[in-house]
Amino acid sequence: ALLVAASVAPLIAIGVATASWRKAVWSEAGRVAEQLLTDAAAATMARPSTSTLVVVDLPDGLDLGESEPAYIFRFGFEDALAWRLPGERPGVVRLHSEKPPPRTEPFGRAVTESELAALAGEARNLVLRYEPQRRRLVELRP
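Residues numbered from 1 in each chain as written. Predicted model: local features only at pLDDT ≥ 70, side-chain atom pairs only at ≥ 80, totals over all residues. Heavy atoms only, no water.

**Structural notes on the pairing of strand β7 (residues 136-139)**
Consecutive side chains of a regular strand alternate in pointing toward one face of the sheet and then the other. Here four bridges tie strand β6 (residues 125-131) to β7, and the two strands are oriented antiparallel to one another. Along β7, the bridge assignment pairs L128 with E139. (Pairing = 2+ DSSP bridges. Helix = DSSP H or I, 4+ residues; strand = E, 2+ residues; numbered from the N terminus.)

In structure tokens:
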């Protein structure tokens, strides 16, 4: 029995350490998701005349050192944002840059910088781009 306990104890310790690490990774992914929703909602409410919210390079996951990325908005960005916005909500369009950062959502079409500038120049559009270094959505202005 002592031999079995000695051989099983390291496996249990590794499992506990791995579970703690994964919990921290998913906690950070949840924090980033919350921040991105807050950024999008605040920007949208600051511009009530917006009819279209364009999000560029929305992250699919975070590279936090685990074997699987901590998925953020593979599905559900629009629904999660809708819960935060009072009244009529703008339509959401997802795009990605021609050379997107790692772990960018696979949704939407590729867009050039000149196309983004043109979209941002239209008063009815609100264009937000994800900045991976800061893990924030930042408004693009013409």
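**What to know about the sheet that holds β7**
The sheet built from five strands is open, its strands ordered β5-β4-β1-β6-β7 with mixed pairing. A strand with exactly one partner marks an edge of an open sheet, and here the two such strands are β5 (109-111) and β7. Ignoring which end each strand starts from, the neighbouring axes of this sheet average 40 degrees apart. Of the strands in this sheet, β1 (52-56), β4 (91-97), β5 and β6 are in contact with helix α3 (residues 113-121), which crosses β6 at around 135 degrees. (Axes fitted to C-alpha atoms, helices over the stretch in contact; angles between N-to-C directions. Contact = heavy atoms within 4.5 Å.)

**Examining α3**
Those residues of α3 that sit buried are L116, L119 and A120. On an axial view of α3, the arc spanned by its buried residues comes to 95 degrees, and they lie on one face. (Buried < 20%, exposed > 50% of the residue type's maximum accessible area, 1.4 Å probe, protein only. Arc of directions from axis to C-beta.)

**Section: the pattern of salt bridges**
All chains considered together, the criterion is met by 13 salt bridges. Across the salt bridge formed by D57 and R129, the nearest N and O atoms sit 3.9 Å from each other. Of this pair, D57 sits in the loop between β1 and β2 (61-62) while R129 sits in strand β6, placing them 72 residues apart in sequence. D57 gets classed as buried once you look at its relative accessible area, which sits at 3%. On the basis of relative accessible area, R129 is assigned to the buried category, the value being 18%. A salt bridge links R94 to E105; the nearest nitrogen and oxygen atoms lie 2.5 Å apart. (Salt bridge = Lys/Arg side-chain N within 4 Å of Asp/Glu carboxyl O.)

Geometry only, nothing functional implied.
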